[in-house]
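Close look at the chain arrangement
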Amino acid sequence: MPAKGYIEVNELFCKACEICVTDCPFDVLALDMERLTPKGYHPAYMVNPDACTGCGICATVCPDAAITVYRYDRKKAEA
Amino acid sequence: MVLTDTPAKLVYERPEALGTTVTHYCPGCTHGVAHRLVAEVLEEMSEVGNTIGVASVGCSVFAYNYFDFDFVEAAHGRAPAMATGIKRVLPDKTVFTYQGDGDLASIGMGEIVGAASRGELITVVFINNANYGMTGGQMAPTTLPGQKTTSSPTGRDVKRQGYPIQTAELLSTLEGSAYIVRRSLHNSREIRRAKKAIRTAFEVQKKGLGFALVELLSTCPTNWHLTPVEARDWIEERMMPVFPLGDYKISSAVADLKV
Ligand SMILES: Cc1ncc(C[n+]2csc(CCOP(=O)(O)OP(=O)(O)O)c2C)c(N)n1
Ligand code: SF4
Ligand code: SF4
Ligand code: SF4
């Protein structure tokens, strides 16, 4: 199954609280231990992007409004 | 990876009313969720340009830096008095206070009871995190029986320090209260329900139906000495039995309101 959606994490706001990582029902997210944000946190990123449904749960629970959610529009792509 | 060849539509982004300042809140603190919900609701109601917020004293003392609309800062506990004055002079404005449990239920208990009893047409967003966060985690009126804080190091002893104050229940007994509910910010389902309650509380003000308050159970991972994820479980396991979620006052006019 191809991904139904994707998210972007604004690294200015992410504080590595891990709440999105825990709450994503499809285990899409992880903290990136290889990188640091300008504030010195390991940002959340899509470790398993193919599983993302674009459900938006991660954005709902993020305390720092760091997440933007998109859904792919495949019908439009075929048309 | 992101598929650049497939069109995608935006389904959620950070509300503009939140501004672009990074908050000073600790990682995982759900003050941030409450801020976002207020910003989303005011945007959805097209009220951003017509709103005046009243910040309180506590961790949310800098709330005026985080919302991209008019804000004032009240003395400790006095936000309801300041909001009363603003709303009475500018009745067409949407006026709300944003207060913690130390601010609202301790030093400011008289003010909030007065505002509710007078049926002031203001909206109150009340953050209950069971301690004084800003000053280092002291016991608040909302601290749970047995809860260890920096000023109750062996746990709150109800014989000496009394029982937690259930603010929503208490204010619901007052005639001037139109809408008094308790919600929680500990998971996506409850966050959605909290947003709906905040929307209703602002609609109650717009329609002039009376005093409206939403109590929100909120995490303080730093002073609870828990990770952000553990802190959310602590709300569910420890706080919710003492502070049950629910609707404590829905006046008949509010019951007829469609949100
Ligand atoms: C007149 C006065 N008394 C006491 C204080 C110290 N003080 C600052 S914040 C605070 C309590 C904050 O707790 P709460 O309202 O629960 O907000 P939180 O920080 O937990 O979000 C206290 C007692 C003060 N600033 N002014
Ligand atoms: S949108 Fe849903 S599936 Fe995708 S990362 Fe967020 S929570 Fe997971
Ligand atoms: S919930 Fe938000 S702040 Fe926390 S790790 Fe995820 S993106 Fe970062
Ligand atoms: S001290 Fe507690 S309430 Fe204050 S910002 Fe930190 S986690 Fe939030």
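For the structure, see preceding data.
In this report, the structure presented in the accompanying data block is examined. Bear in mind the structure is a predicted one, so any value in this text is a computation, not a measurement.

In terms of helices and strands, chain A carries three helices and four strands. Listing the helices and strands of chain A from first to last along the sequence gives β-α-β-β-α-β-α. Viewed in the frame of its principal axes, chain A has a C-alpha envelope of about 45 × 25 × 20 Å. Across the 79 residues that make up chain A, the buried fraction comes to 52%. Partitioning the contacts of chain A with sequence separation of at least 6, the portion at a separation of at least 24 is 60%. Of the accessible surface of chain A, which amounts to about 3,900 Å², a share of 52% is contributed by carbon and sulfur atoms. Of the charged side chains in chain A, 8 are positive and 11 negative, and the gap between their average positions amounts to 8 Å.

Turning next to the sheet that holds strand 1 (residues 5-9) of chain A. Where strands meet in a sheet, backbone hydrogen bonds hold them as pairs that are either parallel or antiparallel. Ordered in space as 1(A)-4(A)-1(B), the three strands form an open sheet in which the pairing is antiparallel. The open sheet terminates on both sides in strands that have one partner only, identified here as strand 1 of chain A together with strand 1 (8-12) of chain B. Across the sheet, the mean angle separating the axes of adjacent strands is 30° when strand polarity is ignored. Examined bridge by bridge, strand 1 of chain A and strand 4 (residues 67-72) of chain A share five bridges and lie antiparallel to one another. Its bridge partner lying in strand 4 of chain A, valine 9 of chain A is registered against isoleucine 67 of chain A.

So, on to the site of ligand 4. All names here are of chain B. If you check the shell around ligand 4, you find Tyr25, Cys26, Cys29, His31, Cys59, Asn129, Gly133, Cys220, Pro221, Thr222 and Asn223 and nothing else. It is helix 9 (residues 221-224) that provides the largest number of residues to the shell around ligand 4, a total of three residues. Of the residues that constitute the shell around ligand 4, the class distribution is six nonpolar, five polar and no charged.

In this section: the environment of arginine 78 of chain B. Residue and element names in this part refer to chain B. Positionally, arginine 78 belongs in the loop between strand 3 (70-73) and helix 3 (79-89). For arginine 78, a relative accessible area of 34% puts it in the partly exposed group. Counting along the chain gives 22 residues from arginine 78 to serine 56, while the straight-line C-alpha distance between them is 7.5 Å. In contact with arginine 78, not counting residues within four places along its chain, are Ile107, Gly108 and Glu111. Here isoleucine 107 takes part through its backbone oxygen, which lies 3.1 Å from a polar atom of the side chain of arginine 78.

Here we take up the site of ligand 3. Taken together, Cys14, Lys15, Ala16, Cys17, Glu18, Cys20, Ala44, Cys62, Pro63 and Ile67 of chain A are the residues near ligand 3. For the shell around ligand 3, the per-class residue count stands at eight nonpolar, no polar and two charged.

Let us now look at the side chain of aspartate 64 of chain A. With respect to the secondary-structure elements, aspartate 64 of chain A resides in the loop between helix 2 (57-61) and strand 4. Owing to a relative accessible area of 8%, aspartate 64 of chain A belongs among the buried residues under this scheme. Not counting the four nearest positions on each side in its chain, aspartate 64 of chain A is found in contact with Phe13 and Lys15 of chain A together with Arg14 and Thr23 of chain B.

Residue and element names in this part refer to chain B. Pairing is mixed in the open sheet, where seven strands are placed in the order 3-2-4-5-7-6-8. Of all the strands in the sheet, just strand 3 and strand 8 (246-250) have a single pairing partner and so form its edges. Here the average twist between neighbouring strands, direction ignored, is 15°. Bridge count between strand 4 (residues 94-100) and strand 5 (residues 123-128): five bridges; the pairing is parallel. Considered in strand 5, the bridge of glycine 100 is made with isoleucine 127. Contacting strand 2 (51-55), strand 3 and strand 4, helix 3 runs over the sheet at an angle of about 175° to strand 4.

Next up on the list: a negative patch on the surface. Taken together, Glu13, Glu16, Glu43 and Asp68 of chain B make up a surface patch of like negative charges. Assignment of secondary structure puts aspartate 68 of chain B in the loop between helix 2 (63-66) and strand 3.

This paragraph deals with helix 10 (residues 228-242) of chain B. In an α-helix there are 3.6 residues to a turn, and that puts residues three or four apart on one side. With 15 residues, helix 10 of chain B should reach 21 Å at 1.5 Å per residue; the first-to-last C-alpha distance of 21 Å fits that figure. Buried within helix 10 of chain B we find Pro228, Val229, Ala231, Arg232, Trp234, Ile235 and Met239 of chain B. On its buried face, helix 10 of chain B is in contact with helix 1 (19-23) and helix 2 of chain A together with strand 5, strand 6 (177-184), strand 7 (211-217) and helix 9 of chain B.

About the thresholds
- Residues numbered from 1 in each chain as written.
- Chains lettered and ligands numbered in written order.
- Predicted model: local features only at pLDDT ≥ 70, side-chain atom pairs only at ≥ 80, totals over all residues.
- Heavy atoms only, no water.
- Helix = DSSP H or I, 4+ residues; strand = E, 2+ residues; numbered from the N terminus.
- Buried < 20%, exposed > 50% of the residue type's maximum accessible area, 1.4 Å probe, protein only.
- Contact = heavy atoms within 4.5 Å.
- Areas by Shrake-Rupley, 256 points an atom, 1.4 Å probe, with all protein chains shown as cover.
- Lys, Arg positive; Asp, Glu negative; His and termini not counted.
- Charge placed at Lys NZ, Arg CZ, Asp CG, Glu CD.
- Pairing = 2+ DSSP bridges.
- Axes fitted to C-alpha atoms, helices over the stretch in contact; angles between N-to-C directions.
- Near = heavy atom within 4 Å.
- Nonpolar A, V, L, I, M, F, W, Y, C, P; charged D, E, K, R; others polar.
- Polar contact = N/O pair within 3.5 Å; in protein donor to acceptor, adjacent residues only side chain to side chain.
- Patch = residues over 30% accessible without salt bridge, like charges linked within 9 Å, V, L, I, M, F, W, Y side chains within 5 Å.
- Salt bridge = Lys/Arg side-chain N within 4 Å of Asp/Glu carboxyl O.
- Expected span 1.5 Å × (residues − 1).

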